[in-house]
Amino acid sequence: MTYPGFGAYGAYRGQVPMQMAMGQPVPGGVQSVAHGGSPGYSVYSGAYAAAAAADPLWTFFSAIAGQDGEVDAEELQRCLTQSGISGTYSPFSLETCRIMISMLDRENTGKMGYNEFKELWAALSAWKQNFMMIDQDRSGTVELHELTQVIVAMGYRLSPQTLIAIVKRYSKNGRIFFDDYVACCVKLRALTDFFRRRDSMQQGIVNLVYDDFLQCTMAI
């Protein structure tokens, strides 16, 4: 079985939030504070400063991340909201941010490090671009048949029954909002990754023990 490849949906392109200039705080954002220092000065220096200069996303991430260099769901929600990646669409809900972390939480820490954040940013940018292509009137919603078209375009080969189940799960009054669309994309990718890792023969068939099934589905 050929599983969908993410292609542009996972290739980090180094895109920077439009509101954020190099080395400048985001308006209304959280300033980075050095331990024992003053607001406006980065917690990081040396090699970290060089990394920030090479990749502006690091500057933004480090202002939100804790001392462990990771973000939890609430911090990720704040980070994405302040970044403006959702544009004119509604900010991501806390539940959507939770499953974003689950999608990339390979060490089961319940948090997201910087490399995972970059991977998420790339996926979100591509998903948003696809959403905007079908949301021609910028209403912030798409129609049911348009969601199925996007799913197929991403490389998923699903039965009509599965597509109907997905549409029912993520639609509200016959429309799909941006946050629900992203949640759908995240869950599709996470569950496909889970299944693919266990499909050693790549035949689309796996044997699952009940506990393994629950660990996956309850975490996402």
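On a predicted model such as this, the values are computed, not experimentally measured, just so you know.

## Here we look at the UniProt feature "domain: EF-hand" (unreviewed entry) in the protein
- Those places that UniProt annotates as "domain: EF-hand" (unreviewed entry) correspond, in this numbering, to residues 122-157.
- End C-alpha atoms of residues 122-157 are separated by 23 Å, and the span's content is 64% helix alongside 8% strand.

## Topic: the confidence of the model for the protein
- Here the protein averages 78 in pLDDT, while 76% of its residues score no lower than 70.
- Taking the mean pLDDT of every element in the protein, the minimum, 56, falls on helix H1 (residues 47-54) and the maximum, 95, on helix H4 (residues 94-104).

## Focus: helix H8 (residues 178-198)
- Under the 1.5 Å per step criterion, the end-to-end length of H8 is 31 Å for 21 residues, consistent within 8% with the ideal 30 Å.
- With 15 of 21 residues buried, H8 is to be regarded as a mostly interior element.

## Observations regarding the packing of helix H5 (residues 114-134) against H8
- Where H5 contacts H8, the two axes come as close as 11 Å, and the packing angle between them is 125°. Taken together, the axes of H5 and H8 lie oblique to each other. Every pair of crossing elements has a handedness; the one defined by H5 and H8 is right-handed. In this structure, H5 contributes Glu 119, Ala 123, Leu 124, Trp 127, Lys 128, Asn 130 and Phe 131 to the contact, and H8 contributes Phe 178, Tyr 181, Val 182, Cys 185, Val 186 and Arg 189.
- Class assignment of the residues belonging to the contact of H5 with H8 gives a composition of 9 nonpolar, 1 polar and 3 charged.

## What to know about the pattern of salt bridges
- Under the definition given, this model contains 8 salt bridges.
- The salt bridge partner of Glu 143 is Arg 175, with a shortest N-O separation of 3.3 Å. Here the residue Glu 143 occupies a position in strand S1 (residues 141-143), and Arg 175 occupies one in strand S2 (residues 175-177), the gap between them amounting to 32 residues.
- Asp 212 is paired through a salt bridge with Arg 198; the nearest N and O atoms lie 2.8 Å apart. Of this pair, Asp 212 sits in helix H9 (residues 210-219) while Arg 198 sits in helix H8, and the two are 14 residues apart along the sequence.
- Members of the salt-bridge network, linked through shared partners, are Arg 106, Glu 119 and Arg 189.

## Notes on the packing of helix H2 (residues 56-64) against H5
- Here H2 crosses H5 at 115°, and the two axes come no closer than 11 Å. Judged by the sense of rotation from one axis to the other, the crossing of H2 with H5 is right-handed. On the side of H2, the interface is formed by Leu 57, Trp 58 and Phe 61, while H5 contributes Tyr 114, Phe 117 and Trp 121.
- Across the contact of H2 with H5, the residue classes tally to 6 nonpolar, no polar and no charged.

## What to know about the nonpolar core
- Core analysis: the biggest nonpolar cluster contains 53 residues, and Leu 76, Leu 80, Phe 117, Trp 127 and Tyr 181 have the highest contact counts within it.
- At the level of secondary structure, the elements contributing two or more residues to this core comprise H2, helix H3 (73-83), H4, H5, helix H6 (144-153), helix H7 (160-170) and H8.
- In terms of residue count, the dominant contributor to this core is H8 (10 residues).
- Those residues within four positions of Tyr 181 in sequence are excluded, and the remaining contacts are Trp 127, Asn 130, Phe 131, Leu 147, Val 150 and Ile 176.

## Quick word on unusual backbone geometry
- Of note in this structure, Arg 138 is not a glycine but carries a positive phi near 55°.
- Considering the arrangement of structural elements, one finds Arg 138 in the loop between H5 and S1.
- The residue Gln 202 is not glycine, and still its phi comes out positive at about 55°.
- Among the structural elements, Gln 202 can be located in the loop between H8 and H9.
- With a relative accessible area of 31%, Gln 202 lands in the partly exposed category.

Basis of the calculations
Residues numbered from 1 in each chain as written. Predicted model: local features only at pLDDT ≥ 70, side-chain atom pairs only at ≥ 80, totals over all residues. Heavy atoms only, no water. UniProt positions renumbered as here; feature names shortened; annotations may be inferred. Helix = DSSP H or I, 4+ residues; strand = E, 2+ residues; numbered from the N terminus. pLDDT = per-residue confidence, 0-100. Expected span 1.5 Å × (residues − 1). Buried < 20%, exposed > 50% of the residue type's maximum accessible area, 1.4 Å probe, protein only. Axes fitted to C-alpha atoms, helices over the stretch in contact; angles between N-to-C directions. Parallel < 35°, antiparallel > 145°, perpendicular 65-115°, else oblique. Left-handed = near helix turned anticlockwise from the far one by under 90°. Contact = heavy atoms within 4.5 Å. Nonpolar A, V, L, I, M, F, W, Y, C, P; charged D, E, K, R; others polar. Salt bridge = Lys/Arg side-chain N within 4 Å of Asp/Glu carboxyl O. Core = buried A, V, L, I, M, F, W, Y, C linked by side-chain atoms within 4.5 Å.

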